[in-house]
Amino acid sequence: MSKSQQLTQLSKSLIEGMQAYAMKALQATQLWYQHIIRSWFNKHTVQSFVSLFLIGTFFSIAVASCSGSSSASKNDVKVRLVSFSVTKAAHDQIIPKFVEKWKQEHNQNVTFEQSYGGSGSQTATVIAGSQEADIVHLALPLDVNKIQQAGLIKSGWEIKAPRNGIVSRSVAAIVTREGNPKSINTWADLAKDGVKVIAANPKTSGIAIWEFLAFWGSVTLTGGDEATALDYLTKVYKNTPVLIKDAREASDLFFQKGQGDVLINYENEVILAEKTGPKLPYVIPKVNISIDNPVAVVDKNVDKHGTREVAQAFVDFLYSTEAQREFAKLQYRPVNPTVTQEVASKYPPIETLFTSQDLGGWDIIQKKFFGDGAIFDKIQAASKA
């Protein structure tokens with residue numbers, strides 16, 4: 001926060017404090033006045049009563065003025081949204097609709113301070129306190145769990161929210177160059193010699209974790225054992241010259257800078273990139289993972305900022321038919337049943353769609369694959385050998 005912002009916030013706090021103090025003092029005086037007038041009414045002249053009435057009227061106006069000033073200071077509210085990189089296009093459409101709805105229903109202006117980046121990196125900044133998010137919309141439940149474990153979100157956040165806290169969905173897509181010169185059609189083809197894969201880093205990116213789990217599940221959930229999966233992933237990551245920070249950066253590297261033979265990304269992100277750049281062939285593998293994106297109110301921060309009511313209302317709005325249709329327009333797979341039914345025919349069918357629970361759940365996934373010295377670190381070391 002800049003010095004000018006700090007001064008502005010300090011001034012606002014002082015003014016609100018003075019207004020509250022003045023209002024309490026005036027209200028106490030008004031009560032005293034009411035007590036006194038009852039005694040004077042029977043003992044003194046009409047002239048004296050009129051004088052007291054005028055004084056009382058003054059106090060009433062003063063109290064109303066202070067009260068009005070206090071209400072005015074609450075007219076605007078700022079909500080801090082921290083999200084993963086590829087959701088910006090959706091929020092750009094959804095937020096104005098919510099702001100208008102809230103204004104109509106509450107006569108209050110809401111502004112959003114927004115931040116987008118790799119889900120892992122965003123999570124780290126929220127935990128560190130450098131971004132005091134009121135709401136997080138992240139790439140995977142694991143990241144929300146980390147914020148919960150840091151004491152910022154109350155346990156059971158997924159139980160309290162609709163759809164277990166999942167607000168948008170996608171699946172993994174394999175994108176190739178025009179004409180698909182390397183004949184990449186399945187997950188297995190990513191391990192072929194001479195294939196250059198553009199992939200993100202699981203330490204900073206949500207898509208990177210999802211694609212890793214898609215690789216692993218494509219083997220272990222179709223009859224292969226873990227040794228086979230380990231060998232396969234080592235070959236894939238050996239074909240990955242550098243791990244990119246997040247999904248958007250990976251897309252830019254592949255589509256705009258022309259690097260790599262194949263890109264693994266969100267289905268919705270691939271389609272969005274296709275609308276703004278050259279059309280390239282892609283395939284949605286028949287064995288795929290349900291990429292579930294959670295949203296949550298950051299309890300500690302909303303209580304600190306006094307934004308719980310509006311933050312919770314925005315989270316609830318994200319599940320509405322209106323908001324879910326905006327997600328669907330950007331090719332997310334909606335979670336609202338009405339919208340899901342409306343757009344079902346627009347998505348390629350998946351024969352085997354598995355979830356994080358099929359791989360043991362997030363606690364096991366974190367320890368088994370992404371903890372220090374776990375399977376991903378071993379694969380990285382082996383692929384560089």
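For the structure itself, consult the block above.
Rules used in this analysis
- Residues numbered from 1 in each chain as written.
- Predicted model: local features only at pLDDT ≥ 70, side-chain atom pairs only at ≥ 80, totals over all residues.
- Heavy atoms only, no water.
- Helix = DSSP H or I, 4+ residues; strand = E, 2+ residues; numbered from the N terminus.
- Contact = heavy atoms within 4.5 Å.
- Core = buried A, V, L, I, M, F, W, Y, C linked by side-chain atoms within 4.5 Å.
- Buried < 20%, exposed > 50% of the residue type's maximum accessible area, 1.4 Å probe, protein only.
- Pairing = 2+ DSSP bridges.
- Polar contact = N/O pair within 3.5 Å; in protein donor to acceptor, adjacent residues only side chain to side chain.
- Axes fitted to C-alpha atoms, helices over the stretch in contact; angles between N-to-C directions.
- 1 Å grid on protein atoms, 1.4 Å probe; cavity = no way out; pocket = protein on both sides within 12 Å on 5 of 7 lines; lining within 4 Å.
- Points joined across faces, edges and corners; volume = space filled by probe spheres on them.
- Nonpolar A, V, L, I, M, F, W, Y, C, P; charged D, E, K, R; others polar.

Observations regarding the environment of Ser85
Link 1 in the chain: Summarising the element assignment, Ser85 is placed in the loop between strand S1 (76-84) and helix H3 (88-106).
Link 2 in the chain: Distance from Ser85 to Ser115, taken between C-alpha atoms, is 8.5 Å for residues 30 residues apart in sequence.
Link 3 in the chain: Aside from chain neighbours lying at most four places away, what touches Ser85 is Tyr116, Gly117, Asp246, Ala247 and Arg248.

So, the nonpolar core
Link 1 in the chain: In this structure, Trp187, Leu190, Phe212, Leu213, Phe215, Tyr232 and Tyr266 are the most contacted members of the largest nonpolar core, which totals 75 residues.
Link 2 in the chain: By residue number, the principal contributor to this core is helix H7 (residues 206-220), which donates 10 residues.

Digging into the pairing of strand S4 (residues 166-170)
Link 1 in the chain: Taken across its five residues, S4 has four buried, putting it largely inside the fold.
Link 2 in the chain: In terms of strand pairing, S4 meets strand S11 (residues 291-297) through four bridges, oriented antiparallel. From the neighbouring strand, Ser168 faces S11, where its bridge partner is Asn293.

Some remarks on the side chain of Asn180
Link 1 in the chain: The residue Asn180 is located in the loop between strand S5 (172-176) and strand S6 (197-200) in this model.
Link 2 in the chain: Only 3.3 Å separates the side chain of Asn180 from the side chain of Asn185, close enough to count as a polar contact.

Quick look at the sheet that holds strand S8 (residues 262-266)
Link 1 in the chain: Taken in spatial order, the five strands make up an open sheet running S7-S6-S8-S5-S9, and their pairing is mixed. Both outer strands of the open sheet, strand S7 (243-244) and strand S9 (282-283), are each paired with one neighbouring strand and no more.
Link 2 in the chain: In the packing of H7 onto the sheet, contacts are made with S6 and S8, and the angle to S8 comes to roughly 110°.

Comments concerning the layout of surface pockets
Link 1 in the chain: In this structure, the second largest pocket occupies an estimated 310 Å³ of space.
Link 2 in the chain: If you go around the second largest pocket, you meet 16 residues; those closest to its centre are Pro141, Asn164, Ser356, Gln357 and Trp362.
Link 3 in the chain: Of all elements in the fold, only helix H5 (141-149), helix H6 (157-160), S4 and helix H15 (362-370) reach the threshold of two or more residues within the lining of the second largest pocket.
Link 4 in the chain: Classifying every residue of the lining of the second largest pocket gives five nonpolar, six polar and five charged.

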